[in-house]
Amino acid sequence: MGQSSVEAIETKEMDYRSLSSSEHEQAPYMHKVGVPPKQNLFDEFKTTIKETLFSDDPLRPFKDQPRSRKFLLGLQAVFPILDWGKSYNVSKFRGDLIAGLTIASLCIPQDIGYSKLANLAPQYGLYSSFVPPLVYAFMGSSRDIAIGPVAVVSLLLGSLLSNEIDPTTNPIEYRRLAFTATFFAGITQATLGILRLGFLIDFLSHAAVVGFMGGAAITIALQQLKGFLGIKKFTKETDIISVMKSVWRSAHHGWNWPTILIGATFLTFLLFAKYSGKKNKKLFWIPAIAPLISVILSTFFVYITHAEKHGVEIVRHIEKGINPPSVGEIYFTGDYLLKGLRIGIVAGMIALTEAVAIGRTFASMKDYQLDGNKEMVALGTMNVVGSMTSCYVTTGSFSRSAVNYMAGCQTAVSNIVMSFVVFLTLLFITPLFEYTPNAILSAIIISAVIGLVDYEATILIWKIDKFDFVACMGAFFGVVFASVEIGLIIAVSISFAKILLQVTRPRTAILGKIPRTNVYRNIQQYPEATQVPGVLIVRVDSAIYFSNSNYMRERLLRWLTDEDEQLESVGLPKIRFLIVDMSPVTDIDTSGIHALEELHRSLHKREVQLVLSNPGRVVIDKLHASNFVSQIGEDRIFLTVADAVLTCSSKSPEEVV
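What you see is a predicted model; the values in this text were computed from it and never measured.

(A) Spatial organisation of the sheet that holds strand β8 (residues 637–638). Strand order across the open sheet formed by six strands is β4-β3-β5-β6-β7-β8, with mixed pairing between neighbours. Since the sheet does not close on itself, it has two edges, and those belong to β4 (520–522) and β8, each with one partner. This element, helix α23 (residues 549–569), spans β3 (508–513), β5 (535–540) and β6 (577–581) of the sheet and lies at about 150° to β5. Sitting on the sheet, helix α27 (residues 641–649) touches β4, β5, β6, β7 (609–613) and β8, and the angle it makes with β6 is about 170°.

Following this line, the structure appears as structure tokens:
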């Protein structure tokens, strides 16, 4: 540390000597900072709105088109199937048919299990894989996403609804509130898409989502111990401590060993099937059909052995027939209206986050564009329609979408094929599930949610950003040790805390000159970079707003004080110029300009000149409008740091005002 300080001081002394010899050289030409032409208020407002809400220019295809063509393009924008359907052929249908049949074999047993997570009867899970996928196939823009109930949203919905109504004592009111929440989840999603406010879902950071999903997966798996172990009296709490207490209390008299045997056997089979599919991508169909095979075999085993007489819990009855209408069951008035609205907004946002993330992932893998706002409208519409046809909140399932992708799906027709298979199941096959043991449904859910614990992503988050890791772990432990709602609140809170921290405490860096160049960079990143004698160069790495303007001013003065103290301790002259590199400063408000004025006055008292380097178009326009440029002088604003340093270094102490 001491040796490096001595070397830095020696370097500065050498710079002083070299500076004095170069002061009399002819100054090169320096380009002035450009001032943009004045925009009227309407044009400026229009530009801001366009960049904020219409950055993708969605109306571009409509330009210079006849009215009939605009009408057709409008229909295609709402129903993308009218666009890609024109080029649909037998070859594409072959791929969609195979993919649709494959994901149908996966979704049917999963839907029955996920409906239990939502505390609804099994048929409602199947209903939710019939109507919503049909709606999405016509309105969605993703070719690969597979629609249906998912574990995390089912658990979240079940947990939030159970806080309001007991599903055991009031099943009808509970079901009505579920449809109400689904309706408002769809309204929320569609509204965000129509108003082009999809960027709001990005406020839930990737790290928080990873932690929340992992915690939810652990919670879901723990909830399945009731069916897996055959426990009849089980806690209604979801935290790990309550669940494990409930499990151990019933260990001596409440566990059913035939149930455990069935569950453990088929869970082993399902995990082996999943491992085989991961090991060899060509065997993707094995983990896809394994749940259905497990249901068939376990149901047959229970039927021939009458295991239900030995304490093995079975599904018993699934309502036969397609979705009954449920418009009349939605609460549009009364106390439950607001409760349904609140639950629907939360469930809708989580479902939207998952679906858009899945859609973008597969779109990038196949190299096509996914319109996030259209996706939100499609997802919202299908949930609104679903709420009126006895469905609960549906979204894109990652496991099913991955199988859909690997099975060779070409378009959203694979969702139509899956929906048709579910339709036939509801009409003809549901009575066959009567002897399906609950243990196999628990095993299917456990094997499905294991993949949600993304430990590789967690390790990567730890390596990249420790604050992100805190957000990840906060959400994870909040879900596991408290509840899904608490975990979600922690995830959102930490995400917002990170945004606030970055906005209110922007990074600043001291710059030095890289040897044999005119480039100035962060001296911590480039230790070989040397500081210019008498000049302190600081870069502000953020827009300057009311939230950080005072911090920015105080931080710059602190940098100056620290530098002066260090120079004074070794007998070198103090800093004469403070150059603020404003290249990263994208915007500034009135508070930011006021902070610059205060900084200028504070520096003037210290006999230090404030110099600005490379302010952007928006920033320089506001500096001129506020007359700040005239306060410090136009000759104190430079296009580059190198120009500023060259000018400041050539001035004697007497010239500094």
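Further notes follow.
(B) Representation of the environment of Ile147. Take Ile147: it is sitting in strand β1 (residues 146–148). The contact partners of Ile147, leaving out residues within four places of it in the chain, are Ser129, Pro132, Pro133, Tyr136, Leu379, Met382, Thr394, Thr395, Gly396, Arg400, Asn415 and Met418.

(C) Spotlight on the pairing of β3. In terms of burial, β3 is a largely internal element, five of the six residues being buried. Alignment of β3 against β5, held across three bridges, turns out to be antiparallel. Looking at β5, one finds that Thr508 is bridged to Val540. Note: β3 against β4, three bridges, orientation antiparallel. The partner of Gly512 across the bridge, within β4, is Arg521. The turn linking β3 back onto β4 is made up of six residues, and Arg516 within it adopts a positive phi angle of 65°.

(D) Structural view of the pattern of salt bridges. Within this structure, the stated rule accounts for 12 salt bridges. For the salt bridge of Glu164 with Arg342, the shortest nitrogen-to-oxygen distance reads 2.5 Å. Placement of Glu164 in helix α8 (residues 151–164) and of Arg342 in helix α15 (residues 335–366) is noted, with a sequence separation of 178 residues between them. Residue Arg342 is classed as partly exposed on the basis of its relative accessible area, which comes to 42%.

(E) Quick peek at the packing of helix α21 (residues 466–481) against helix α22 (residues 484–504). For the pair α21 and α22, the least separation of the axes is 6 Å and the interaxial angle reads 165°. Classified by the interaxial angle, the pair formed by α21 and α22 is roughly antiparallel. Considering how the two elements wind past one another, α21 and α22 form a crossing that is right-handed. Of the residues in α22, those touching α21 at Phe467, Asp468, Val470, Ala471, Gly474, Ala475, Gly478 and Val479 are Val484, Ile486, Gly487, Ile490, Ala491, Ile494, Lys498 and Leu501. Looking at the contact of α21 with α22, its residues break down into 11 nonpolar, three polar and two charged.

(F) Highlighting the nonpolar core. Formed by 111 residues in total, the largest nonpolar core has its most connected members in Leu157, Leu161, Phe212 and Ile220. Listed in part, the 34 residues of the second largest apolar core include Val538, Leu560, Met582 and Ile588.

(G) Geometry of the packing of aromatic side chains. A complete count under the given rule lists 16 aromatic pairs for this structure. Ring geometry for Phe183 against Phe332: centres 5.5 Å apart, planes inclined by 85°, an arrangement best described as edge-to-face. Of this pair, Phe183 sits in helix α9 (residues 171–194) while Phe332 sits in the loop between α14 (285–305) and α15, and the two are 149 residues apart along the sequence. On the accessibility criterion, Phe332 (42% relative accessible area) is partly exposed. Ring centres of Trp255 and Trp257 lie 6.0 Å apart, and the angle between their planes is 65°; on these two criteria the pair is classed as edge-to-face. Taking the relative accessible area as the measure of exposure, Trp255 reaches 21% and is therefore partly exposed. A network of ring pairs unites the aromatic residues Tyr124, Tyr127 and Phe179 as a single cluster. The lysine or arginine in question, Arg143, covers the ring of Tyr368, its NZ or CZ lying 4.1 Å from the ring centre. For Arg176, the ring lying beneath its charged end belongs to Tyr331, and the centroid distance is 4.1 Å.

(H) Seen up close, unusual backbone geometry. Notably, Asp367 is not glycine yet its phi reads approximately 60°, a positive angle. For Asp367, the position within the fold is in the loop between α15 and α16 (372–387).

(I) The arrangement of the environment of Ala347 in detail. With respect to the element layout, Ala347 can be found in helix α15. The spatial distance from the C-alpha of Ala347 to the C-alpha of Ala181 is 7.9 Å, given a sequence separation of 166 residues. Here Ala347 is in contact with Leu156, Leu157 and Val393, once residues within four sequence places are set aside.

(J) Just the confidence of the model for the protein chain, in detail. A residue-level look at the protein chain finds 95% of positions with pLDDT of 70 or above and a mean pLDDT of 90. Within the model, pLDDT remains below 50 along residues 1–25, and this stretch shows 19 contacts once partners closer than five positions in the same chain are excluded.

(K) Quick peek at α16. Taking 1.5 Å as the rise per residue, α16 with 16 residues should run 22 Å; its terminal C-alpha atoms sit 22 Å apart, in good agreement. Along α16, the residues classified as buried are Gly372, Asn373, Glu375, Met376, Ala378, Leu379, Gly380, Met382, Asn383, Val384, Gly386 and Ser387. On its buried face, α16 sits against α7 (131–139), β1, α9, α15 and β2 (395–397).

(L) Fine view of a nonpolar patch on the surface. Together, Phe71, Leu75, Val78, Phe79, Leu82 and Phe138 make up a nonpolar patch on the protein surface, roughly 530 Å² of accessible area in all. Along the chain, Leu82 falls in helix α4 (residues 81–84). Using a relative accessible area of 40% as the deciding quantity, one classes Leu82 as partly exposed.

(M) Representation of helix α25 (residues 617–625). Where α25 is concerned, the buried positions are Val619, Ile620 and Leu623. Taken down its axis, α25 places every buried residue within 95° of arc, on the same side. Seen from the buried face of α25, the exposed residues on the opposite side, beyond 90 degrees, are Arg617 and Ala625. Considering only its buried residues, α25 is in contact with α24 (590–605), β7, α26 (628–632) and β8. Downstream of α25 by one or two residues, Asn627 has phi in the positive range, about 65°.

(N) Focus on the pairing of β5. Within β5, six of the six residues are buried, which leaves it mostly tucked inside the rest of the structure. Where burial is concerned, the two faces of β5 agree: the one with Val535, Ile537 and Arg539 and the one with Leu536, Val538 and Val540 are both buried. Where β5 meets β6, five bridges bridge the pair, whose relative direction is parallel. From the neighbouring strand, Leu536 faces β6, where its bridge partner is Leu578.

(O) The side chain of Asn438, seen in detail. Structurally, Asn438 is set in helix α19 (residues 438–449). By relative accessible area, which is 12% here, Asn438 ends up buried. With sequence-adjacent residues up to four places away left out, Asn438 is seen in contact with Lys116, Gly227, Glu313, Ile314 and Val315.

(P) Here's a closer look at the packing of α9 against α16. Between α9 and α16, whose axes approach to 7 Å, the crossing angle comes to 160°. In terms of orientation, α9 lies roughly antiparallel with respect to α16. Here α9 runs over α16; the crossing is left-handed. For the pair α9 and α16, the contacting residues are Phe179, Thr182, Phe183, Gly186, Ile187, Gln189, Ala190, Leu192, Gly193 and Ile194 in the first and Asn373, Met376, Val377, Leu379, Gly380, Thr381, Asn383, Val384 and Ser387 in the second. In terms of residue class, the contact of α9 with α16 is made up of 10 nonpolar, nine polar and no charged.

Rules and cut-offs
Residues numbered from 1 in each chain as written. Predicted model: local features only at pLDDT ≥ 70, side-chain atom pairs only at ≥ 80, totals over all residues. Heavy atoms only, no water. Pairing = 2+ DSSP bridges. Helix = DSSP H or I, 4+ residues; strand = E, 2+ residues; numbered from the N terminus. Contact = heavy atoms within 4.5 Å. Axes fitted to C-alpha atoms, helices over the stretch in contact; angles between N-to-C directions. Buried < 20%, exposed > 50% of the residue type's maximum accessible area, 1.4 Å probe, protein only. Salt bridge = Lys/Arg side-chain N within 4 Å of Asp/Glu carboxyl O. Parallel < 35°, antiparallel > 145°, perpendicular 65-115°, else oblique. Left-handed = near helix turned anticlockwise from the far one by under 90°. Nonpolar A, V, L, I, M, F, W, Y, C, P; charged D, E, K, R; others polar. Core = buried A, V, L, I, M, F, W, Y, C linked by side-chain atoms within 4.5 Å. Phe/Tyr/Trp six-rings, centres within 6.5 Å; stacked < 30°, edge-to-face > 60°. Lys NZ or Arg CZ within 6 Å of the ring centre and 35° of its normal. pLDDT = per-residue confidence, 0-100. Expected span 1.5 Å × (residues − 1). Patch = residues over 30% accessible without salt bridge, like charges linked within 9 Å, V, L, I, M, F, W, Y side chains within 5 Å. Areas by Shrake-Rupley, 256 points an atom, 1.4 Å probe, with all protein chains shown as cover. Arc of directions from axis to C-beta.

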